[in-house]
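Observations on chain architecture
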Amino acid sequence: MAYRPAANKAYGQTRRKAPVGAAKLQQLASSSVQPSYASRSVMTANAVQSNISSLALFLAKYLSGKNNVVISPDPNSNGYSVGKRKLVNGQIIYDIHVPHWINYKLPLDDKSKYRVYRSGIWHEAGHVAETPDQVFTFGARGDEVKEPLAHDTINILEDRRIEDIGVEKWPGYASERLFTNAYAWTRRMDVGAFWNAYLKMHYDDVNRMYLKDEEYIRERKGHMRHEAFLQRLLVMKIKGWDQLPIDERDLIEHEATMVEHELTKLRKQSPETIYRKLAQLSMQVIKDLELKDYVPEVTHIGESTWDQSFKPHTPTPGESQETRTGIDDYFDQLMTVEVVCSGCGKHYTRKLGVRED
Ligand SMILES: [Zn+2]
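Calculation notes
Residues numbered from 1 in each chain as written. Predicted model: local features only at pLDDT ≥ 70, side-chain atom pairs only at ≥ 80, totals over all residues. Helix = DSSP H or I, 4+ residues; strand = E, 2+ residues; numbered from the N terminus. Buried ≥ 20, exposed ≤ 12 C-beta atoms within 10 Å, placed from the backbone. Contact = placed C-beta atoms within 7 Å. Axes fitted to C-alpha atoms, helices over the stretch in contact; angles between N-to-C directions. Parallel < 35°, antiparallel > 145°, perpendicular 65-115°, else oblique. Left-handed = near helix turned anticlockwise from the far one by under 90°. Nonpolar A, V, L, I, M, F, W, Y, C, P; charged D, E, K, R; others polar. pLDDT = per-residue confidence, 0-100. Expected span 1.5 Å × (residues − 1). Core = buried A, V, L, I, M, F, W, Y, C linked by C-beta atoms within 7 Å. Pairing = 2+ DSSP bridges.

Looking now at the overall build of the chain. In terms of regular secondary structure, the chain is built from twelve helices and nine strands. Looking at the chain residue by residue over its 357 residues, the buried ones come to 32%. A separation threshold of at least 6 residues defines the contact pool for the chain, and within that pool the share at least 24 residues apart is 73%.

In contact at an axis separation of 9 Å, helix α6 (residues 148-169) and helix α9 (residues 215-235) are set at 15° when each is read in the N-to-C sense. Between α6 and α9, the angle falls in the class roughly parallel. α6 and α9 meet at a crossing whose hand is left-handed. Facing α6, whose interface residues are I156, D159 and R160, α9 presents L230, L233 and L234. Residue composition of the contact of α6 with α9, grouped by class: four nonpolar, no polar and two charged.

What follows is about the confidence of the model for the chain. Averaged over the chain, the pLDDT score is 84; the fraction of residues at 70 or greater is 83%. For the chain, the element scoring lowest by mean pLDDT is helix α1 (residues 3-17), at 37; helix α11 (residues 271-288) scores highest, at 97. Note on residues 1-20: pLDDT is under 50 here. Beyond four places in sequence and across chains, it has one contact. Note that residues 31-35 has pLDDT below 50 and, in this model, two contacts with residues that lie over four places away or in other chains.

What follows is about α9. Over its 21 residues, α9 runs 29 Å from end to end, which matches the ideal 30 Å to within 8%, given 1.5 Å per residue. In terms of burial, α9 is largely enclosed, as 15 of its 21 residues are buried. Just beyond α9, the residue with positive phi is M236, at close to 70°.

So, on to the nonpolar core. Counting 63 residues, the largest nonpolar core has A60, I96 and F229 as its most contacted members. By residue number, the principal contributor to this core is α9, which donates seven residues. With near-sequence residues (within four places) excluded, A60 lies in contact with V69, I71, I96, I121, E124 and A125.

Now for the environment of L149. Assignment of secondary structure puts L149 in helix α6. Classification of L149 as buried rests on a count of 22 C-beta atoms within 10 Å. With 149 residues separating them in the primary sequence, L149 and V298 have C-alpha atoms 8.1 Å apart. The residues touching L149, leaving out its near neighbours within four places in the chain, are I286, L291, K292, Y294, V295 and P296.

For the rest of this paragraph, the subject is the sheet that holds strand β3 (residues 92-99). The strands making up a sheet associate through backbone hydrogen bonding, with each pair oriented either parallel or antiparallel. The strand order across the open sheet built from three strands is β1-β3-β2, with neighbouring strands paired in mixed fashion. Only two strands of the sheet have a single partner each, and these edge strands are β1 (69-74) and β2 (81-86). Across the sheet, the mean angle from the axis of one strand to that of its neighbour is 30°, orientation sign disregarded. Bridging between β2 and β3 involves six bridges; their strand directions are antiparallel. Note that in β3 the partner of K84 across the bridge is Y94. Of the strands in this sheet, β1, β2 and β3 are in contact with helix α4 (residues 110-130), which crosses β3 at around 160°.

With that settled, the discussion passes to the environment of R218. Residue placement: R218 occurs in helix α9. Look at R218 and you get partly exposed, because 17 C-beta atoms sit within 10 Å. When the C-alpha positions of R218 and D293 are compared, they lie 6.2 Å apart, and in sequence the two are 75 residues distant. Excluding anything up to four places from it in sequence, R218 contacts E290 and D293.

Of note in this structure, R208 is not a glycine but carries a positive phi near 50°. Along the polypeptide, R208 turns up in the loop between β6 (203-204) and β7 (209-210). In this structure R208 comes out as exposed when scored by C-beta crowding, with 11 C-beta atoms within 10 Å.

One can describe the packing of α4 onto α6 by two numbers: an axis separation of 9 Å at closest approach and a directional angle of 100°. Taken together, the axes of α4 and α6 lie roughly perpendicular to each other. On α6, the residues touching W122, H123, G126, H127 and E130 of α4 are I162, E163, I165 and G166. Its residues assigned to classes, the contact of α4 with α6 shows three nonpolar, four polar and two charged.

Right, here's the structure in full:
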């Protein structure tokens, strides 16, 4: 009974006796008290990351239907990827590498950044569920990518295939996929501008042919077609499309339509059949589009040039607004697209989805 009043009294005295003056505050600010604020924010960052990682792990396991999946947030990440690892006990696990949330800068607001992040998990979970093992190592030996063009091309085809399957399985992801595609599109090269700067002067518009057949022209042509094909296959729309000559547009459209058709035939096939067909299709795309002189920058196993759209990117002033406008442009022009039937040549429109923000 006596304890409480005494304690109150002591408390009151202490409070009266030690008001914190300006000098004391100054001293506190420069003393060891300050690092505790810093460590608190590190703790908050870690807590945020562990929440995001645990949601990511739940999503990855749920969407892939596999339990042997781990999430590795990487502060130096280049985007999203998945690899297979063997643990010391012999167990095989899928290791999904994601950017570290706090360090992951994109020219987007936080909500949109989270949508891109979540779609990254969805995409990698799709690889875990669907991608045959041999696809990861196509054009590679050991941990080294030996044939970047082959490795890249098969991964581009596979990215389209797994995302198509992903939205069939999870229709609610259609709008997320579309939003992520819209963002990725803002990060891609303007194919029309590339054409005007590096190829137009080597092209005869009247006879619709290239003036010379030299390696540097073939390399540029390969670069342009590779990017146009990637954009057409993965985001359904090519930046600067209207700047390209009609023969180039037709070539890309025809090839992409052929690939789309072949990919739909692979539903429910065995991994071995899927791999063989993807390998054969990749080599056919390289041949038909004459890509062989172009070497894409792909160094990691399982990486495609598409993944580069999701690299961390610190926005310059005004870039977030530009990105927002780019996403709006993508949606404005893309909700219904004009396509040409590769069989009969007829034009028709295809509705791709409904925008949801
Ligand atoms: Zn992928």
